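# Coordinate inspection notes
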Amino acid sequence: MMQQKYVSQIHRCFRCGYCKFPTDYSSFNCPPYQRFRFETYSTGGRLWLIYAWLKGEIEWSEHLAEILYTCTTCRNCAEQCPMKFAPDIIDWIVGARSDMVEKGRIPPRVARFFEAVQGYSNPFKLLRDDRASWANGTKLYSPGDEFLLYIGCLGSYDENGQKMAKSLVSVLKAAEVPFGIMGKDEECCGNEVYMLGEMGLFQNIAERNIQKFKKLGVRKIVTLCPHGYHAMKNNYPKAGGFEVYHYTELLAELTKAKKLKFSSNRIKVTYQDPCFLGRHNNIYDEPRQVLQYIPGIELVEMERNRKDAFCCGGGSGNFVMDLLAGDENSPARIRVREAYATGADILAVACPGCMTMLTDAVKTENLETKLTVHDISQILARSLS
Amino acid sequence: MVTTNAIHESLVKIVGKSYVSASREEKYFYARDGGLMPPHEPDFVVLPRTTEEVQEIVRLANREKIPIVPAGAGLALTGLVIPQKGGIVVDMKRMDRVLEVNEKARYVIVEGGTTQGALKSYLQKHHPHLRHSIPDAPPSATVVANAVIHGQGRLAHQHGFNSDMVSGLEVVLPTGEVCRIGSCSVSSYWFSKGPPLPDLSGLFLGWFGTTGIITKLGLKLYPCKKLRDVMVLLTDKVELVPDILLRLSHTEMVEDTVISAQPLPLRFRGTFWIMTYITGDSDEELEFKRKMVWDAVWDYFQSRDVGFISTSPEGKAPLLSMPSKDTTRFADVAKGGGFQYAGPITPIEKFPAFIRKLEEVAAKYNVFYGSTTRLIGSGHCMMFSFSFSFNRANPDEMARAKRALDECSKFALEEGAVLWKPDVDEQKMIMEKMDPNTLELMRKIKRLLDPNGIMNPGNWEMR
Ligand SMILES: Cc1cc2nc3c(=O)[nH]c(=O)nc-3n(C[C@H](O)[C@H](O)[C@H](O)COP(=O)(O)OP(=O)(O)OC[C@H]3O[C@@H](n4cnc5c(N)ncnc54)[C@H](O)[C@@H]3O)c2cc1C
Ligand code: SF4
Ligand code: SF4
């Protein structure tokens, strides 16, 4: 379906370039364009090249595929494009990628990503048995638990992601939330596989996960990662029969219901909206509500925030493949400079992808003594009295 | 003859590997714009960051006699950045800084590829009581290119063409020298592009990059009042439009006047919407201006020839937004990503004749049409747009839109208009009609500045 639609619609892009900007036009907000600066890396460039490829005016090349795969599916373009088709742009890009996948014409790094997910159920080629090595006795989900806490690949395997997972677990325990995890049985959510265009693999993953959730009798899922949240909420077959929440939604509820007690901690925090939480799912307030609930926290905004937030560059599997790395104009590096400019001590994140991208960038920018990247549950956990 | 590889290497040495491309993909994209002119591929695309880099690129091109085309966002739509003879396209948009604002002398200095969007945003943030004349082109359009093509913006009624507002230039000449134009050639201030000196800016403005690459540009800024409003006047009497425009202009209260005509939705057909923009620092000032506008057309209002449309704040928001996204949305009317307009600069008395021609041509070629006309100066002239939207997936529709445009341009020229941002064919039409001595002067200037004919060849090419 998606492929049909992109083929018949993609020529509608006028290459006007509204999609490169945030609302106030202050800078460039399409991460690959900001990084490479050839028009071909902007949304319009990408759409015109896809159309040229469809018409046979240009041949497939690794460069073409790379241009296509540097898009982080951050959805800035869909937000800014003035045309009626704006909401479909991401589908067009994903549709073109799925065509490339079907033809077996993808960059080697993308191919390796699929192989890893197919073989190991995570993009790092790490052992399935080690998936819950971070969990340290965290209770497995059992019928009667209100929530299944779905951790995702980064939370399970990445050092920084694991820290997030552990701290979220500690906060949920402190709030006496009845929850459990899947442990070794958890698998990749498939969001990146979908965004990279491997629809067959995504279908398998989604069906397998749904079966597992059903077998466990899961009714409510809370995800650590906005990517998993997005996939399950919007792209899994509707037959799943479960509700999906992102953990910041749950934390917002818990803080509002005064389920957690805090000690005061004077600290200046700025917040990075994850694309799959913000622009893709319109969740901007809950993470901020949690932060503002903690006494002593001063929340300062970066210039680009909410629907204008600048992507960390990690979407569409780039937290592993990192096709936008290697330059002072890499999105994550730009973003930590922006965060530092606010005078904040902590750059708060709500996504393990942002966590890993921005933590690395803080090191590269030599800001380690000045700016710390923490996720919202870590900030909350430190403030619990 | 130096090999392509050697040129590639030289370019890499100048701007760095990441900012040179000879790949199929970049060549494809930079071979065309969003309009209807046939594509032609460059051999290289480069993205310089400094004036020195531009200088070196130009020197290389001049030495090797390689064509060189400075490009902004390619939104002129008439193929002015299509490298007609191949060579090097210099995408200027990495030179994107706002370098200086002089609040007291009210000017800004920008680099050669700074976008309109970036300048607008910068002023709003750092100098909220100053503004520039923003065109309704998408915000990715560059300030320099807009001046190069004599664009017009939201202060056109009050202050004329955007090129009139230029207050100084830094130019890399085709032979590689860097040259300052205007007050900045003798002073550190960029307040005037010419007076009281000989005005040399005319050697570069309007030349479409055929006489040099502008690396810095001073632009006059104007007071940005606290309040802004639009009054929408409506008439179905096309012959009254020129008089209404003159009367509005007589008030000297209006900063921008735009006349919109479109056949769809059907309820709009046959009516002319005159958007009249006023500003003030207080409600009293705004109210006074409203009254002046009202008084100017009162008798037409009484005879029911003119109506005022009362619009809610939500309804006004798109009209007040700068740039206007609605103008760009016209490109999707035919659901096919294509839009081009001929925008002759013409006396305002021509409005009725041009509207009739637009309707006739649109019917003849069966193409989607619209018109957004902007008053320039105190009724001195207007930019009348013959706009056509087309489907890029329909070659036949594209061909019809092109024929429609050509016919409108030819008509406008015959009627005494001068074509704005003309494509290469229209440039030929203009030069054929031009006073031979003027043409000869242009030829001499071009030969003097660009002896090897490397700069954007194909444009303003005088045989
Ligand atoms: C929807 C829409 C609405 C528009 N509305 C308006 C409007 O209201 N007012 C208006 O004026 N225009 C309008 N335009 C026309 C045009 O987009 C603008 O004038 C715009 O400013 C052109 O800028 P650009 O960067 O795209 O120029 P380009 O098309 O990239 O370049 C134009 C010319 O400038 C030359 N050039 C570029 N940079 C340099 C340089 N540094 N040195 C020397 N030469 C250079 C190029 O070689 C070319 O000849 C509109 C266009 C569209 C698509
Ligand atoms: S995607 Fe939309 S905003 Fe971007 S270039 Fe195309 S038409 Fe313009
Ligand atoms: S989704 Fe983001 S990265 Fe991709 S084209 Fe749109 S703005 Fe650029």
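Reading the values: the criteria
- Residues numbered from 1 in each chain as written.
- Chains lettered and ligands numbered in written order.
- Predicted model: local features only at pLDDT ≥ 70, side-chain atom pairs only at ≥ 80, totals over all residues.
- Heavy atoms only, no water.
- Domains from an automatic or database assignment.
- Contact = heavy atoms within 4.5 Å.
- Polar contact = N/O pair within 3.5 Å; in protein donor to acceptor, adjacent residues only side chain to side chain.
- Helix = DSSP H or I, 4+ residues; strand = E, 2+ residues; numbered from the N terminus.
- Nonpolar A, V, L, I, M, F, W, Y, C, P; charged D, E, K, R; others polar.
- Axes fitted to C-alpha atoms, helices over the stretch in contact; angles between N-to-C directions.
- Parallel < 35°, antiparallel > 145°, perpendicular 65-115°, else oblique.
- Left-handed = near helix turned anticlockwise from the far one by under 90°.
- Buried area = accessible area lost by both parts, 1.4 Å probe.
- Salt bridge = Lys/Arg side-chain N within 4 Å of Asp/Glu carboxyl O.
- Near = heavy atom within 4 Å.
- Pairing = 2+ DSSP bridges.

What follows is about the domain arrangement of chain A. Residue and element names in this part refer to chain A. Along its sequence, chain A is carved into domain 1 (4-106), domain 2 (123-252) and domain 3 (261-383). Placing a centre on the C-alpha atoms of domain 2 and another on those of domain 3 gives a separation of 21 Å. Taken together, the contact between domain 2 and domain 3 spans 31 residues of the former and 30 residues of the latter. Counting every contact that joins domain 2 to domain 3 gives 9 residue pairs in polar contact (both at pLDDT 80 or more). Mapped by element, the contributors of at least two residues to the side of domain 2 that touches domain 3 are α8 (152-157), α9 (159-174), α10 (191-195), α12 (226-235) and α13 (247-256). The element contributing the most residues to the side of domain 2 that touches domain 3 is α9, with 8 residues. Residues of the side of domain 2 that touches domain 3, tallied by class, amount to 15 nonpolar, 11 polar and 5 charged.

With that out of the way, let us pick up the packing of helix α3 (residues 43-55) of chain A against helix α6 (residues 89-102) of chain A. All names here are of chain A. Between α3 and α6, the least distance of the axes is 11 Å, while the angle of their chain directions is 45°. In terms of axis orientation, α3 runs oblique to α6. Of the two elements, α3 crosses α6, and the hand of that crossing is left-handed. Contacts between α3 and α6 involve T43, R46, L47, I50, W53 and L54 on the former and, on the latter, I89, W92, I93, A96, D99 and M100. Residues belonging to the contact of α3 with α6 are distributed by class as follows: 9 nonpolar, 1 polar and 2 charged.

All names here are of chain B. Partitioning chain B into structural domains gives domain 1 (4-91), domain 2 (98-223) and domain 3 (227-414). Computed over C-alpha atoms, the centres of domain 1 and domain 2 are 23 Å apart. Contacts between domain 1 and domain 2 engage 15 residues on the former and 19 residues on the latter. Between domain 1 and domain 2, the buried area comes to about 1300 Å², and carbon and sulfur atoms account for 72% of it. Counting across the domain 1 and domain 2 interface gives 1 salt bridge. The interface formed by domain 1 and domain 2 includes 2 residue pairs in polar contact (both at pLDDT 80 or more). Every element with two or more residues in the side of domain 1 that touches domain 2 is listed here: α3 (51-64) and β3 (68-71). Tallying contributions element by element places α3 first for the side of domain 1 that touches domain 2, with 6 residues. Of the residues belonging to the side of domain 1 that touches domain 2, the class tally is 9 nonpolar, 4 polar and 2 charged.

We now examine the interface of chain A and chain B. Many structure descriptions define interface size as the accessible area lost when the parts assemble. Listed as interface residues are 42 residues of chain A and, on the opposing side, 46 residues of chain B. Of the roughly 3800 Å² buried where chain A meets chain B, counting both sides, 58% is carbon and sulfur surface. The largest per-residue losses of area from chain A upon contact with chain B belong to F14, R15 and F38 of chain A, which jointly make up 20% of the total buried on that side. Linking chain A to chain B there are 4 salt bridges. As a salt-bridge pair, K125 of chain B and E303 of chain A come within 2.5 Å of each other at their nearest N and O atoms. Counting across the chain A and chain B interface gives 20 residue pairs in polar contact (both at pLDDT 80 or more). Listing elements by their share of the side of chain A that touches chain B, those giving two or more residues are α2 (31-36), α3 and α4 (62-69) of chain A. Among the elements that line the side of chain A that touches chain B, the one with the most residues is α3 of chain A, at 6 residues. Here the residues of the side of chain A that touches chain B sort into 21 nonpolar, 10 polar and 11 charged.

Attention now goes to the side chain of Q34 of chain A. If you trace the backbone, Q34 of chain A turns up in helix α2. If sequence neighbours within four positions are ignored, Q34 of chain A has contacts with F28, F310, N329 and I334 of chain A.

This paragraph deals with the site of ligand 3. Neighbouring ligand 3 are 13 residues, the closest being C30, R46, C71, C74 and C77 of chain A. Of the residues assigned to the shell around ligand 3, the class counts are 7 nonpolar, 4 polar and 2 charged.

For the rest of this paragraph, the subject is the sheet that holds strand β2 (residues 179-180) of chain A. Residues and elements named next belong to chain A. Taken in spatial order, the 4 strands make up an open sheet running β2-β1-β3-β4, and their pairing is parallel. In this open sheet, the two strands that pair with only one neighbour each are β2 and β4 (243-246). Note: strand β1 (residues 147-150) against strand β3 (residues 220-223), 3 bridges, orientation parallel. Looking at β3, one finds that L149 is bridged to V222. Taken strand by strand, α12 contacts β1, β3 and β4, and its axis lies near 160° from that of β4. Each of β1, β3 and β4 touches α13; the most contacted strand, β4, lies at about 80° to it.

It is worth spelling out the site of ligand 2 at this point. Of all residues adjacent to ligand 2, which total 14 residues, the nearest are C13, C16, G17, C19 and C81 of chain A. Taken together, the residues that form the shell around ligand 2 break down as 11 nonpolar, 2 polar and 1 charged.

The next thing to look at is the sheet that holds strand β6 (residues 297-299) of chain A. Residues and elements named next belong to chain A. Spatially, the 4 strands line up as an open sheet ordered β6-β5-β7-β8, and their pairing is parallel. Every interior strand has two partners, whereas the edge strands, β6 and β8 (372-375), have only one. Direction aside, the axes of adjacent strands within the sheet are offset by 35° on average. The strands that helix α17 (residues 352-364) touches are β7 (346-349) and β8; relative to β8, the one it contacts most, it runs at about 170°. Against the sheet, helix α18 (residues 376-383) engages β5 (267-271), β6, β7 and β8, with an angle of about 90° to β8.

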